[in-house]
Amino acid sequence: MYVTDKILPELPAPSNSKGIVHWLKTNLFNGPINTIFTLLAAFVLYKVIPPAIEWAFIDAIWFADSSSECKLANGDRKDGACWAFITNRFDQIMYGFYPEAERWRPNLAGIMLVLLTIPLFFEKTPKKAWLGGFILVIFPFIAFVLIRGGYFGLEQVDTGKWGGLMLTLIISLVGILFALLFGTILALGRRSSMPIVKSLSVVFIEFWRGVPLITVLFMSSVMLPLFLPEGTTFDKLARAMIGIILFQSAYVAEVVRGGLQAIPKGQYEAAAAMGLSYWKSMFLIILPQAMKLVIPGLVNTFIALFKDTTLVLIIGLFDLLAIIENVLGADNAWLGFHTEGLVFAAFVFWMFCFSLSRYSMALERKLDTGHRN
Amino acid sequence: MSDPRQNSSELPSKPPIWNDPKYRAMFFQILLISALAYFFYSIVQNTLDNMNARGVSTGFGFMSEPAGFDILQTLVPFDSTYSFGRSFIVGVLNTLLVTVLGIVFATLLGFLVGVARLSNNWLISKIATVFIETFRNIPLLIQIIFWYALIVGSLPAVRDSFSLFDSFFLNQRGINLPSPGYESGFIYTVIAFIIGIVGSFILRIWARKRQEATGQQFPVFFSIIGLIIILPALVYFVTGSPITWDVPKLGRFNLQGGATIIPELVGLLIALVIYTAAFIAEIVRSGIKAVSHGQSEAALSVGLTPSQNLRLVVIPQALRVIIPPLTSQYLNLFKNSSLAAAIGYPDLVAVFMGTTLNQTGQAVEIVAVTMGVYLLVSLLISMFMNWYNAKMSLVER
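Residues numbered from 1 in each chain as written. Chains lettered and ligands numbered in written order. Predicted model: local features only at pLDDT ≥ 70, side-chain atom pairs only at ≥ 80, totals over all residues. Heavy atoms only, no water.

Q: Is there a simple way to think about the overall build of chain A in this case?
A: Secondary structure assignment for chain A yields 15 helices and zero strands. At 28 Å, chain A has a C-alpha radius of gyration far larger than the 21 Å of a compact globule built from 373 residues. In terms of principal-axis extent, the alpha carbons of chain A reach across some 100 × 80 × 40 Å. Relative to all contacts within chain A whose residues are 6 or more apart in sequence, the contacts with residues 24 or more apart total 66%. By element, 68% of the accessible surface of chain A is carried by carbon and sulfur atoms, the whole surface being about 21000 Å². Of note, chain A has its 30 positive side-chain charges centred 11 Å away from the centre of its 26 negative side-chain charges. (Helix = DSSP H or I, 4+ residues; strand = E, 2+ residues; numbered from the N terminus. Rg over C-alpha atoms; globule rule 2.2 N^0.38 Å. Contact = heavy atoms within 4.5 Å. Areas by Shrake-Rupley, 256 points an atom, 1.4 Å probe, with all protein chains shown as cover. Lys, Arg positive; Asp, Glu negative; His and termini not counted. Charge placed at Lys NZ, Arg CZ, Asp CG, Glu CD.)

What follows is the structure, given as structure tokens:
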């Protein structure tokens, strides 16, 4: 008989329930069907990934002064990607036709925005609301003066010369700013007890949500000039912006409405019982809580808006995609590098959208306190 | 001076009229209505003035004038002698075609990827994740242009078409395939098909009633296959195969005969399907995850087989979560199909808002009609889905 008065040390787990073999067995080769799937998937990956890496990195040409370096002697394409197409015209992809000497101005505006925004991401920053207000209300004027110029001795750069990634960012940021404003008003209107206000808001929201953005852009570029008194001219970019803002505020309104509905009725009643007026109860009690709830939804709306800005290509503005497609794509010196341009544009958009969507997910997890009413 | 306590039995004095919420609301709404009325009045006035100044006539008279242009893909007969009104119909049909095809394929692919993401096979689930995260974060327009360029760029010219059995051809101008020509006897096959569908419905109701009454099951699935597929097939062969196939023939420069699927349609469809499927996959995943594990355990412990568990317990409950967001994805696909204009697929926007608008200059009418069509279909789909949703939703006390 075996007797011990000591506690024996823990034995290691049996070798078939740990380690890489065990992991492979449970995650890749459990059962015949899964094994077949794994092998098939591995085969597809083997067929797709190495050639893609070879094309994009190994055989790629990163810098070149002219397109001939990307071509073989007989004028055919070389095997790898010709990223020189992008690096060579990088400035234009970023700024469009913005004059080179003035590019420090959008740069400065961009840097200011980034520096102002970073503190918002830290918990401990004091007076966050004031900082946010500054970014939303005052900064747009500063950025406008900087980028368009015409004041304080800055040379005026017309919107027709704006382009590239700069224009994409401007359209989406200005778009979300105004859409946030109008969307919130519309959401309040939809929840209003006044029948006419309510039905007008519903009609407005459902109308814009029911039509595609491209028809809205067509409308704002073709019909807006007709709507205005004769002789008024209207900036092309401004026309597109109006269309985008009308369209997007309907979507923002629905997101904000979700937040308003999630606030328990007691909050509305308590605010009324305190004797607060409608606007005071909204701005002091309801909206601060509702807006916090809908931040992830708003980020998702912003992602959608950001992707939708590519549509301005169709009405002849030169955003990132349009510069690559219509300006560089039509440049005789660099013909035949369409794929590289598209892949680059896709990558830029993907980076922005992916990181924003991860941010929105993280926010959702952080704001999800587990309470449900 | 009176003691305020003496007045306590009286009603408090009415607030002045400008502080009464009822009158305030009324006043504000009247103000809003009049502002809007003035806004629309001045817009209409300005528009009329502007159109007069440009010498553009108003009204829908242009719809019956000859169009004078050809359209790449037409589901109903069309050439340049047909009217603008006809071109409108062609555009609507092309939009509906790509929408219906897109919805079918995007649903299939979306469900497949969504289930794959939940798979316990690590590799499969990671591939599904990468698929979703890649394609839903790239603007649809880029994807459409990319696939279209890939198709046109990588396929051979007409003379060097890939061919299959000398009747299917694949080249830069699309896919050429035999088109059916129906003879008079074909009507019997159609009748048999309709009988099969009606019979299946009756059979299903009868089988369900019998199961509820006696507990006996009837092989409904195989009977329905027999009714819908085998019965019309039998009739088709008995009546002597009344379809003649018009096979495309490779000529010197062109393929003659048969039907063509244009590359614009294929490129647009691939992009729309992949983009929408990435969103649908996430919806499907969250729907399936929303069904608690206890439901499956309960179903298995009362003796249902795994496939019965999936069919009778998990999927019906998951569908309740899936359907509302799925509807909005279908609506998105319908609206996104308007991006066809970028690659020249002749959808409603490209044909009507593009070509017809350029030819006639009737901006107001054309923009209004086009938006009206989208609005109408959007509202119809969402009404149908609301009805379906109400039917599927949990009946609570």
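Q: Whenever I open this one, the environment of Ala-56 of chain A confuses me. Can you help?
A: With respect to the element layout, Ala-56 of chain A can be found in helix α2 (residues 32-58). Put simply, Ala-56 of chain A and Trp-83 of chain A are 27 residues apart on the chain and 8.5 Å apart in space, counted from C-alpha to C-alpha.

Q: Is there a simple way to explain the interface of chain B and chain A in this structure?
A: Size of an interface, as often reported, equals the accessible area lost when the parts are brought together. Facing 49 residues of chain B, the contacting portion of chain A comprises 57 residues. For the chain B and chain A pair, buried surface summed over both sides reaches about 4400 Å², with 74% attributable to carbon and sulfur atoms. For the pair chain B and chain A, the number of links is one salt bridge. Salt-bridge contacts for Glu-133 of chain B lead to Arg-358 of chain A; the nearest nitrogen and oxygen are separated by 3.0 Å. Along the contact surface separating chain B from chain A lie 14 residue pairs in polar contact (both at pLDDT 80 or more). Residue assignment for the side of chain B that touches chain A shows that the elements contributing at least two residues are α1 (21-54), α3 (122-135), α4 (140-154), α7 (263-290), α10 (348-360) and α11 (363-392) of chain B. Sorting elements by how many residues they give to the side of chain B that touches chain A places α1 of chain B first, with 14 residues. Across the side of chain B that touches chain A, the residue classes break down as 33 nonpolar, 12 polar and four charged. (Buried area = accessible area lost by both parts, 1.4 Å probe. Salt bridge = Lys/Arg side-chain N within 4 Å of Asp/Glu carboxyl O. Polar contact = N/O pair within 3.5 Å; in protein donor to acceptor, adjacent residues only side chain to side chain. Nonpolar A, V, L, I, M, F, W, Y, C, P; charged D, E, K, R; others polar.)

Q: Sorry, what's going on with a nonpolar patch on the surface here?
A: Residues and elements named next belong to chain B. Together, Ile-187, Tyr-188, Val-190, Ile-191, Phe-193, Ile-194, Ile-195, Ile-197, Val-198, Phe-201, Ile-202 and Leu-231 line one region of the surface with nonpolar side chains, adding up to about 1100 Å² of accessible area. With 11 residues, the top contributor of residues to the nonpolar patch is helix α5 (residues 186-214). On the secondary structure map, Val-198 appears in helix α5. (Patch = residues over 30% accessible without salt bridge, like charges linked within 9 Å, V, L, I, M, F, W, Y side chains within 5 Å.)

Honestly, it's all geometry; don't read function into it.
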